[in-house]
Structure formats: C-alpha cells, structure tokens
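# Tertiary structure, described
In case you want the letters, here they are:
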2 protein chains.
Amino acid sequence: MSYIDLKYKPSKDDLICSFRIEPAKGLSVKKVAEAVAAESSVGTWTNIKTMKPRIRKMAAKVFEIKGNWVKIAYPSVLFESGNMPEIMSSIGGNIFGMRAVKNIRLEDVEWPEKIKKSFKGPKFGIYGVRKLLHVKDRPLVGTIVKPKIGLNEREHAKVAYQAWIGGCDIVKDDENLTSQSFNNFEKRVVETLKLRDKAENKTGERKMYMPNVTAETREMIKRAKFVKKQGGEYVMVDILTAGWSGLQTLRDEGLNLVIHAHRAGHATFTRNKRHGISMLVVADIARLIGVDQLHIGTVVGKMEGGKEEVYHIEDEIEKRFIREKGHYLEEDWGKIKPVFAVCSGGLHPGLVPKLMKIMGKNIIIQAGGGIHGHPKGTLLGAMAMRHAVDASLKNISLKEYAKSHNELREALKKWS
Amino acid sequence: MSYIDLKYKPSKDDLICSFRIEPAKGLSVKKVAEAVAAESSVGTWTNIKTMKPRIRKMAAKVFEIKGNWVKIAYPSVLFESGNMPEIMSSIGGNIFGMRAVKNIRLEDVEWPEKIKKSFKGPKFGIYGVRKLLHVKDRPLVGTIVKPKIGLNEREHAKVAYQAWIGGCDIVKDDENLTSQSFNNFEKRVVETLKLRDKAENKTGERKMYMPNVTAETREMIKRAKFVKKQGGEYVMVDILTAGWSGLQTLRDEGLNLVIHAHRAGHATFTRNKRHGISMLVVADIARLIGVDQLHIGTVVGKMEGGKEEVYHIEDEIEKRFIREKGHYLEEDWGKIKPVFAVCSGGLHPGLVPKLMKIMGKNIIIQAGGGIHGHPKGTLLGAMAMRHAVDASLKNISLKEYAKSHNELREALKKWS
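Thresholds applied
- Residues numbered from 1 in each chain as written.
- Chains lettered and ligands numbered in written order.
- Predicted model: local features only at pLDDT ≥ 70, side-chain atom pairs only at ≥ 80, totals over all residues.
- Heavy atoms only, no water.
- Buried < 20%, exposed > 50% of the residue type's maximum accessible area, 1.4 Å probe, protein only.
- Helix = DSSP H or I, 4+ residues; strand = E, 2+ residues; numbered from the N terminus.
- Contact = heavy atoms within 4.5 Å.
- Core = buried A, V, L, I, M, F, W, Y, C linked by side-chain atoms within 4.5 Å.
- Buried area = accessible area lost by both parts, 1.4 Å probe.
- Salt bridge = Lys/Arg side-chain N within 4 Å of Asp/Glu carboxyl O.
- Polar contact = N/O pair within 3.5 Å; in protein donor to acceptor, adjacent residues only side chain to side chain.
- pLDDT = per-residue confidence, 0-100.
- Lys, Arg positive; Asp, Glu negative; His and termini not counted.
- Pairing = 2+ DSSP bridges.
- Axes fitted to C-alpha atoms, helices over the stretch in contact; angles between N-to-C directions.
- Domains from an automatic or database assignment.
- Nonpolar A, V, L, I, M, F, W, Y, C, P; charged D, E, K, R; others polar.

Moving on, we get to helix H1 (residues 29-39) of chain A. For H1 of chain A, the complete set of buried residues consists of Val 29, Val 32, Ala 33, Val 36, Ala 37, Ala 38 and Glu 39 of chain A. On the buried face of H1 of chain A, the contacting elements are strand E1 (14-23), strand E2 (61-66), strand E3 (69-75) and strand E4 (101-110) of chain A.

If you want it as structure tokens, here you go:
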C-alpha cells in the first residue's frame, strides 16, 4: 500500500498540508514523507490484518516533493467536521515524534470547503470591530495595563482610564492576569467598565476594555457572560494555553462579544523554522474557529518574527483569497470574515511609522511599556502614541510632528 | 529593579522553574535570565511609571545560574490557583518568543503546595485502575483499534472483541478517531461496549474500552456522559490538541470515569532539547489536573524519546517524592495519586522483555500494529503479546517461551 502518488491532483474535498521534512539519517525525504502520510491518516508502522480495501482509498497522498518540501492531500472524510482538536491530532500529532523524521514542520494548510463551513469564523472581524469603535480608516491604538501583574482592581481601572483619555481605543489585560488574590476578575471588570463609560463621555470616542477570561472552560464562559452582563463588548483569551476545545466553546457560545486572541506560548512550537507548526497555521485555525483579533508579531519590536513571515500571516487572516506561492498554499476564505491583526510586544511611538509602512492601516497597534513607560506616565504616553499614528497618517515625520507635540517629543527622547 | 538574587532561598510558597537558556548574540545568560524573569512575572522591556513598590516584591527571582541552566522562583501570589492556562501563559508564554533569547527550554517545574492543592489530581491513578481491572502486579496490555481510521462501528467493535479475548485488558480508539461519517461516536460506543460485556463473560477477566471523546468542550463532556450512561468506565482524550481548559473541564466534571491521556502533538514543542517545553512538564501538568493514564514513550518503539528522559517522566508521574538532581527539581506529590505510564508507539511482542526491564511492571503496554499486524490477525496477535508479558514476568526468554506458544513464535518471526 503506497501513500505516494506524484501524479495525483488534489480535489476540492482534500485538506492539503505543506510540510518541510528532514529525514532521519539513512532515509530519503520520499520514504519519510510516505511514513508521515500513513501515520497521519490510516496507516501505522507495519502492515496490518484488519485493513480493508475501501479504507486504502481514504489514505493521505504525497503528491509533491521538492527538496525538503512536501505536499500531502488528505481526503476530508478522514476528519470530523467542526472538531479542531481532532483535525490537529491528525496533521499536528504523532508525526512530530516519529524517529524516522529528524525535523518536520507544518508550514501551511489549505482547508476544504466542507471543513471551512463547519466552523463559525469571526463574528465581527475587522469591519465589525471598526463599526463598533466608529473608527473607519486608521489603525486602532491599544494598550495593555502594566505592570502586567500586581495592580489592584481600582488601580487597574485608573491606569486604563488614563490610557483611554490619552487616546487609546482599547485597553486590555495582560496574558497572565486573570483572577488573582490581589485583583479579582469580577471586581476588576466592574471598576474598569465604570471608567470606560466615563472615558467615553469625556472624549466622545468609543472605548473598549478587553478583560482576560482565560480559565478552565466553564469558568471562562462564566466570566465572559459576566462581562456581557456588565456591558462589556470584548473578551480576550490566551488561545494556546487554553487550547482549541476551550476556544471553540467560547466562540460557539454565541455571546456576541468580540474575541481578542493572545498567542502566549506559540513560540514554543512556531519559532524553530525546521520543526513544529508555523504561526501561519495557528492564524488559520484562529480565523476558522472565529477570533476577531489576533496577535501576529510586530517585525520591529521585542518579539521575534521575520518580516516575510508576519506579512504572510497578515495576508492569511485579512484577505479573502490567498494565492499559492512556493510552499504556501492557496486559500479562498469565502464569507469567513477577516481578522484584525494585532501588533504587540516592545512597541513605542518611535516604531510606529515603520510599523504602519510595513503592515498598513488595518492593524491594532498595541503598546504596554511604550505607553506606561512614557517619562510623564500613561496619559501622556497614550497621547504620544496617538500622535505618532496621526503623524504617520499625514505622512509627517515624527521629528517634525514632535516640534508641536511635547508628549511625542519626550517619548522619542526616551526610546530612540 | 533587579530580577536576580543569587543568595535567594526559595520559600515553600514559590513555584520554581528550571530553564535552559541560550542568549541571543552579544547577551549573557545572566542578562537574558533576568529578562525572562521579568517578562514572565511583573516586568516588561522598559521601566514604567505605573510600577508600585509592593509589586516589585512580587517579582520572580533568578536564584541560580549554572552555565546555561537557570532556576527562577515565582511567588505563588502571581498565579491564579486552579487555572492551568493562566499559569502556562506566565511560565510557558511570551518568554519563548523574545528576541533576547536564542533558545529557551522549560525543563521542569516545582509546584508550591498552594497550587498543588488547587487541582484535583487523578481520580483513580495506578491503584484505582488496577482495582477496577482486578490486575494486581503485571503490566496491563492494551491495543489501539487499527486501522486508526476507516472501520465502521461494528467492524471496530469486532476488532476490539478479538483483542480482548486474545488477552488485552484495554482497547482504545486512536487519537484521530472521534465521530466521523464512517464511524459515529455514539454508535461505536454502544457496539463496542456490547462486545466488551461479551468478552468479559467469555474470558472471566475485566475488559475496558477507552473511547476517544476529544472535541470542543461541551461536545466532549456530552460524549463522556454518554459513555458513562452506556456503562463505560473510561474515556480517552488528546490532552494537547484539546488543551488545558478543556481537560480541566473534563476532569472537574466529576464523572467518575478513568481518563486516559494521549499526547498527540507534544513533539511539536518537546522534541528540540534546546527550545520549548519538556515532556516532563507536560506530565507534571497532566498529573496535577488529574489524568489517570498518560503516554510517556517507549524507549524502544517508533517514537523518539531517550531512556533517561522517559525514566524521569515515569518517576515524575508514579512516585510520591522526587529528589532534586541537577536541573531536575524536587517534588513532593503528597496525596496526589500516581499516574499509570502508557508505553505506546511501534511496540510488538519482541520488544516487551526490554521494555519491562527498563520500565518495570507499573506500565500499560499498548500495541496497535504489533497486535493487528500479527500474521494470523488480531486474536493471535493479542495472545502473542500477552505471552510476551507472561514470559517476561516468569523470566523466561521469548525464544524459549515461543517453543510452546505458536502465536508468539509467529510474531517473533515477523518482527525480529
């Protein structure tokens, strides 16, 4: 029984994976690609007596091998529709631990219509979020309350307030703040939403708060419902440390809340370019399941992530149609809404022009230290960030703009 | 503000992490260790105006640096008790993507009493499972129905039946079989449990079926309840592709079902010894949350995983007290029950003596291809496997034992 057919033309019903494979010593890419196709579909390491002819037809097929790059087509019948953990147990599972592979990386996935249809996709997406915020064509400006851990509920709310009236559209909790002894989730939500209302009244702008609901699933849903009840419009969740089962449950609950996806932990498996799963695949899955905003990197900040990689991810989550290119696969997202790209990690006003040049306007520029670290504090830090965005939109250099904007000048002096 | 204190003695209330850190070019291990301690506790990349003196006291402390090995103590107040996703967003989150690190691996975690107490641990554990199965002091023998995907419900049940009457104690679904068009979950459970009862009657032994409930959380719980209602005693779940939120929900549901944990996907982040999170940490978390059985590797089969590594994992999940050794940390598991180690992946009867010599009797020997691939099929394959276990328990060589056991002889001929 062979899992290789280089003449095979994938059908519309196939799920296609693009892998980079380095075989273990003494083995060929072809041999290992075949073992990968077997293990991730209907086969195992030895021939078995319980195999049936009709099951052979369900086998995954290696249909392209170019150097270390391998494409495999999986008949969609193999998978349970709407069950992301199951799909990932197939294409993101055992194959990464096989002795026969030295390194293997799942670089991209092309999803068949049948599977795409079985997930909800984003409820809001870029344009839903823009509508909610009444911001048509500039990047959104956000901040993370800092220090990331340790403020009490009222201190937290006050920092958020300063950020909002300084010019931030959205304020979020950090990835490791949920409900601790020093800062209770429910109390924080109440206090912070109260000041959100005040900030909206004061500025005339819409202001959003994204409380971190990450927890065991039932607790997570309970917290999201609490946010809704208190008049919140957003939740944020650490999608990878919570996991796909919990994320699907949150999305499928239909709470009509914008879901902001933090990717803490992704770099445990995305960073090594020769082994693991790419951030592109994580982004695909997040869009399918239906988050509205996703951290994708900054190119220019404290986190790793090359320019080309971040571009591809932004395209994948924002565009309707992705063209096949080398080992990147085609995708027609159809009616599945685009996801807002969040750039976060080590950003400050000085990096904004370059960031916007690279990433465009459809981004959320999120800065924590780059706002609360401003020499005059959060309020002026938020003002400086908003100035940097305004200057870039007007094509004025920050140096020039800073002449008439003290806050920006002070920020540039600290981080240059 | 410094995150380094090499004179610091961790308190009973600290969570301790053992990291291996390779700094980015031009940076020292010490410098990067400090950045890691900051990012994973209360700090960020720049000094901020919103920091308060009392929060400085909550900072993580680097208290030991030996070459590339670094130990960091985190005051437990940083974490939300009983919230594993939150804890992992701290110690398994952003730090893996920092530009300042070239590679970083979380090798081991020592859990403070306060956090240990906030999780349920295994409901059954090794001795609860042994009691359920009426098997006191031999390894359990299990199989995975193969082909892993494609059999219909009745075919699936029949293969399971053959395995049970041949001598398997437990039969499980494979990691990527959940509820597909060719094999419906509920129907499969009904059919398979029916033949389990028949096999118990025929053999006079207890027989267990582990249906794969991996899915979105609500669906997963629904499936587990269905299993319970049908008289099942076990569920299996792909703990990593489902994720910690969903796993906690399944455990906390209190269904009184044994939980078998498949680790599909672990090697995306555990395999590279210089970057990611170790399988040891995954095993720790699984024991804390409370699975009863966990795949840990085979040393001898188709999956990678060195001897020393698998030993450590077995100790960690089975023992009450783990002694500190080099970069491995101490752990007192107290009343948290031991987890049954499952050895699975490329096993066949010929490998059993070596496996038992390495791993002892407190293991579940699980073979898919090594049973269903027997030249005479599943029934004789299961018999051969059970013979191999019996021979090893009696200290008789397989070659000798095979003289009077045809099934074993044929297995040894195929896989030698």
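Grouped together as the largest cluster of nonpolar side chains are 252 residues, with contacts concentrated most on Ile 239 and Leu 294 of chain A together with Ile 239 and Leu 294 of chain B. Excluding its chain neighbours within four sequence positions, the residues that come into contact with Leu 294 of chain B are Ile 239, Ala 261, Met 279, Ala 283, Ala 286, Ile 317, Val 339, Phe 340, Ala 341 and Val 342 of chain B.

Attention now goes to the interface of chain A and chain B. How big an interface is tends to be expressed through the accessible area that disappears when the partners come together. The partner chain B presents 101 residues to the 101 residues of chain A that form the contact. Between chain A and chain B the total buried area reaches about 7600 Å² when both faces are included, carbon and sulfur atoms providing 50% of it. When the buried area of chain A at its contact with chain B is split by residue, Trp 45, Arg 99 and Thr 268 of chain A rank highest and sum to 10% of it. Counting every contact that joins chain A to chain B gives eight salt bridges. Where chain A packs against chain B, one counts 59 residue pairs in polar contact (both at pLDDT 80 or more). Among the elements that make up the side of chain A that touches chain B, the one with the highest residue count is helix H10 (residues 244-252) of chain A (six residues).

Looking at chain A as a whole, the pLDDT averages 96, with 99% of positions reaching at least 70. Under the prediction, the complex receives an ipTM of 0.96, its pTM being 0.97.

A separate point is the side chain of Arg 251 of chain A. Residues and elements named next belong to chain A. Its place among the elements puts Arg 251 in helix H10. One buried charged side chain, Arg 251, makes no salt bridge at all; its nearest oppositely charged neighbour is Asp 252, positioned 5.7 Å away. At 2.8 Å, the side chain of Arg 251 and the backbone oxygen of Gly 121 are in polar contact.

When a strand is regular, its side chains alternate between the sheet's two faces. Residues and elements named next belong to chain B. The buried count for strand E3 (residues 69-75) comes to six of seven residues, which makes it a mostly enclosed element. Examined bridge by bridge, strand E1 (residues 14-23) and E3 share seven bridges and lie antiparallel to one another. Residue pairing for E3: Cys 17 is matched across the bridge by Ile 72. Connecting strand E2 (residues 61-66) to the next strand, E3, in antiparallel fashion are two residues, including Gly 67 with a positive phi near 65 degrees.

The next thing to look at is the sheet that holds strand E15 (residues 363-367) of chain A. Residue and element names in this part refer to chain A. Reading across the sheet, the eight strands line up as E7-E6-E5-E15-E14-E11-E9-E8 and stay open at both edges, with parallel pairing between neighbours. Of all the strands in the sheet, just strand E7 (208-210) and strand E8 (234-238) have a single pairing partner and so form its edges. Taken pair by pair, the neighbouring strands of this sheet meet at an average axis angle of 25 degrees, ignoring direction. Looking at chain direction, strand E14 (residues 340-344) and E15 are connected through four bridges and run parallel.

All names here are of chain A. Each assigned domain of chain A is listed here: domain 1 (14-116) and domain 2 (125-414). Taking only C-alpha atoms into account, the centre of domain 1 sits 34 Å from that of domain 2. Opposite the 25 residues of domain 1 that make contact, domain 2 presents 28 residues. Around 2500 Å² of area is buried between domain 1 and domain 2 when both sides are counted, 54% of it from carbon and sulfur atoms. Ranking the residues of domain 1 by area buried against domain 2 places Arg 105, Asp 108 and Lys 116 at the top, with a combined share of 28%. Here domain 1 and domain 2 share 19 residue pairs in polar contact (both at pLDDT 80 or more) between them. For the side of domain 1 that touches domain 2, the secondary structure elements donating two or more residues are E1, E3, helix H3 (84-91) and E4. The element contributing the most residues to the side of domain 1 that touches domain 2 is E4, with nine residues. Looking at side-chain class alone, the side of domain 1 that touches domain 2 contains eleven nonpolar, five polar and nine charged residues.

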